[in-house]
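# Fold and geometry: a report
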Amino acid sequence: MREQAWASRFPRCLVLIIAALASCSSADLRPCQETDYDYQYTECDSTGSRWRVAIPRSPSSCSDLPPPARGTDCSFSCPAGMFLEMGAQQCTPCAAGSYSLGSGLRFDQWDAVPAGFSSLASFLDSGPNGEDIQACNSSSWTPQGVYLESNRDECTVSLVYAVHLEKKGSVSFTYQYPDNNIFFEFYVQNEQCQEMAQTDDQKWIKVTNTGEWDTHTVNLKSGTNILYWRTTGILVGGKMVKPVLLKNIQIEGVAYTSECFLCRPGWFSSAPGSSSCRPCPANTFSTKGASACTSCPERQYSHEGWGECKRRPPCSEKDYFQIHTACDGEGKTQVLYRWVEPKICVENVTGAVELPTEVQRKPCPPCNPGYYNSNSNDCLPCPPGTYSDGTYVCTECPAGTEPVLGYEYKWWNVLPSNMKTSCFNVGNSKCDDMSGLMCGPPGWAVAGDHIRSAAGSSDNDYLILSLHVPGFKVPASLSGMTGADYGWITFVFETICSGDCELYFMMDVNMKSTTVVESWEGSKEKQSYSHSMSRNASVTFTWAFQRTNHALDVRRYVSDAVKLYSISVTNVLDGVASACRACALVPQNSQRAGSSCVPCPAGFYIDTGTNRCQECPPNTHLAGHHTYGQDACVACGLGSISNKEHSRCYSDCSFSHTENNRTLTFDLSPMSDVASLIIGPSFTSKGTKYLHLFNISLCGHEGRRAAVCTDNVTDASSKDDQSDAAQLVSSVDSFVCQSTIIPADGRGFRMAISSQSISLADAFVGATVDSVLDWVDAKPDLFPAKARDVPDINFFYRSTQATASCDHGRSSVITVRCNPEKSDRGELSVPSSCPAGTCDGCTFHFLWESASGCPRCAEDDYHPIEGACKGGVQETLYVWNEPKVCTKGVSLPPRSSSPCEAIALWLKVGVGGGAFVAVLLIALTCYFWKKNKRLEYKYSRLVMSANKECELPAADSCALAEGEEPDDDVVYAQKKPSLLGKLRAIAHKHERGESCESVQLNSSQCDRWVLG
């Protein structure tokens, strides 16, 4: 009790001490007037009491300040429209031209950053070499008049405001968050800089639809609350992000408001005690704190909420637009011209143009397919079961056919009943039924063979065109295609821009969340875009065109436009038919046999001869958008098989290849699970570190895509994985998908950021050792191969969804390479020349080296080695061929042994034959040597006889002397014959069968004889 009493007396003692000191030091000063001081309250004590004290505006400038007085209770507050007058300590109504929230604060004027707010830019990532990044010093939240705009770069910028609440309160703010490539969070800290406990719904801000505003509210505790609005751009693709916009920040829970807030320029409050201000109407203006608006002078104008008027420019061709009237009784349409509203130009000045008054009558275009021209020249939808191409009356579908239901708009004389057009102004708070401000003229205008964007009131307006589809219904003739999409939307468009215009194509499923499907920047040539619907749901497709995302009040880019030439949606529930399609009939053996259509079972096509259901052949699948005829069953690609329903082809992670009369079999099942590859880090121009994450499913699950990439930026507060937004936005399933990862380290985030998830491979094309399949090139030179006899296996994938940069969609190639040094799971890599995995942005290449990429071992992969015969036993050992490039498969046979002899039979025969040949050669050599000696003896005798008389006697007889041999008569010429020559002479003589010979000696000189 004593402590409480001292606590209650302490503020009073402190006030008395201050008053006594002031009176002692101000004896010679003039008395204070009311304008010399302000009243303030002391801090509340433990009993909830406080004192009112007078604080001089200039110290030591006057004397005799009012004495302290007991103040109001600490929980006291005035109602809205009133403020606490500190002199009388009573609630007083605000004067006209001002407003008050009572116990709250409101910030809705953003010509400058209000007092108390601060913008802190930081870049908590260090550079690649560890240096500090100074590139964010110029990044900040920027005031734009009616809203506050965040930074557009990858810097982290925080908008900070500190407020002290005497009681529990709240903070609410209106925001626009259209781009999921920027990270936007709101959190609260106490005076010790400790973050308050917040749920994910409170901290992570939800993305808004393009052009729409949303409100976020967070409860606050009493005491000091430091509020943070923090943004971080994710600029990893070179594309600028769209900033976050803030307006109407309101804080509840302050104890009192000692003054009212003046209305901002362009707004007013006409009555005292106002809790808010109202905008001035068009062509009026007001200054700050105005109680009424003033009309603009002649030849000046203003839009709603403007604080000043501008001079009206001379009218030009940009200030009017063309419209087409409905068809009249003669089948004619009129081309009229209207001023863009609100009209801001003047006609009767030099250089101004006048509105064209010439009325042009043109023949009405035909009705759109599925509609017919009634007697009133209105296009009406064909009744159910009938069809028309728009030029003739509706006709019933023949027996055995069914209508092809859908929407096909290619003539634009009037806007179809299921389409709406409007335009949203970014900075204005007034909204129509579609949460935007109508800009006078419609957002889009029909123009005969196309529909185009209208002028709008300013260049940063969103011009909106929407088409509602109640749902989809797969016709009976397509029921056999279990894996087919429910429907497709295809449109042909063209953008003509001189600035930074952008066209968005969006979809809203079941009226829950609008998401951007694709966008195009700048001028684009006439092209077609298609998108498939994988779910049967009610969908609203929206086209939004913005000429520039910078705040402009003038129409500088009014000539920039987008043109839509045609829109086609298939399989629409309750749609109209432009043609009929053959369908399957009830089987003849059925009790209901007739001409009515029946759905075919999954994997069946419609036979063209009988119109009955027939199952597709093995390893074929139903492709395209029809099931009529066997050609609807398309053969699976190389290395793939079909599932039971013939809805898709897939790889079962096995592959075989025949080369040089040898079949190689591969088992890739160890590589079937989803693998991940992280590339980086890379850095943006301002040093943001990011990684590329690829999730790869080589074979999938029987054709179903198993790789999943998830965004946690788009809607971090959504935890319901079954929600429409989660299914359509936050995750992507594919064979190959990519996400951009910004690590948590150094950025101040509690988790890594995953964004920009895209699919690179929606469908499996095939697997082959060839480098090209279905126009997709594997480019083998990107991965130089080592000298191995095993070929690489290329898995080809395709994503048919066209993008702004890839007209034919993206494609991917996974090259599986045998590497016995790797594990069965293997290792992924990308080309060194294309570190992001792609060289052109459309085709992605990956190399997967694995031991599983080697063929299964077969009998041709090993050979036997026979040992020596020892003890009559010979062992045989089997070894792998080197280098070994196979895995698993057959095993090496065990070591074997067989009986053998020490000397083999063939060896014995060989030795015997060799010995016989050697003896024979020796005998022949001796025989011919002896013959040679005898011949030499004969020759010598002849020579000696001839030399005695220098003439040889003529032979007179063929008889041989006693002891002579018949084979010794040989004729020699000039030189001594060799042994071989002698043998030839003897053989020649025997062939002739001569028993004697005559020798004629011819002498050319006396000392030389020749036997001839």
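Residues numbered from 1 in each chain as written. Predicted model: local features only at pLDDT ≥ 70, side-chain atom pairs only at ≥ 80, totals over all residues. Heavy atoms only, no water.

With that out of the way, let us pick up the side chain of S519. On the secondary structure map, S519 appears in strand β38 (residues 513-521). Residue class for S519 comes out buried when judged on its relative accessible area of 12%. Side chain to side chain, S519 and E502 meet in a polar contact 3.4 Å long. (Helix = DSSP H or I, 4+ residues; strand = E, 2+ residues; numbered from the N terminus. Buried < 20%, exposed > 50% of the residue type's maximum accessible area, 1.4 Å probe, protein only. Polar contact = N/O pair within 3.5 Å; in protein donor to acceptor, adjacent residues only side chain to side chain.)

The subject of this paragraph is the environment of E317. Following the sequence through the fold, E317 ends up in the loop between β23 (310-311) and β24 (320-324). The spacing of E317 and A352 is 35 residues in sequence and 9.2 Å in space, taken between C-alpha atoms.

So, on to the sheet that holds strand β63 (residues 811-818). Sheet architecture is open: five strands sit in the order β59-β62-β63-β65-β64, paired in mixed fashion. The open sheet has two edge strands with one neighbour each: β59 (763-768) and β64 (827-829). Shown here is a sheet whose adjacent strand axes are inclined to one another by a mean of 20°, direction ignored. As defined by bridge partners, strand β62 (residues 793-798) adjoins β63 across six bridges and the pair is classed as antiparallel. Each bridged residue has a counterpart across the sheet, and for Y797 the counterpart in β63 is S812. (Pairing = 2+ DSSP bridges. Axes fitted to C-alpha atoms, helices over the stretch in contact; angles between N-to-C directions.)

So, on to the side chain of D792. Mapped onto the elements, D792 comes out in the loop between β61 (776-777) and β62. Within the structure, the side chain of D792 is placed 2.9 Å from the side chain of R817, a separation counted as a polar contact. Excluding its chain neighbours within four sequence positions, the residues that come into contact with D792 are T768, V769, A785, T815, V816 and R817. (Contact = heavy atoms within 4.5 Å.)

Time to look at the pattern of salt bridges. All told, the structure shown has 13 salt bridges when counted by the stated rule. Across the salt bridge formed by D792 and R817, the nearest N and O atoms sit 2.9 Å from each other. Taken together, the residues D792 in the loop between β61 and β62 and R817 in strand β63 connect sequence positions 25 residues apart. As far as the burial class goes, D792 and R817 line up, both buried. A salt bridge links E827 to K822; its shortest N-O distance comes to 3.2 Å. K822 sits in the partly exposed class, given a relative accessible area of 27%. (Salt bridge = Lys/Arg side-chain N within 4 Å of Asp/Glu carboxyl O.)

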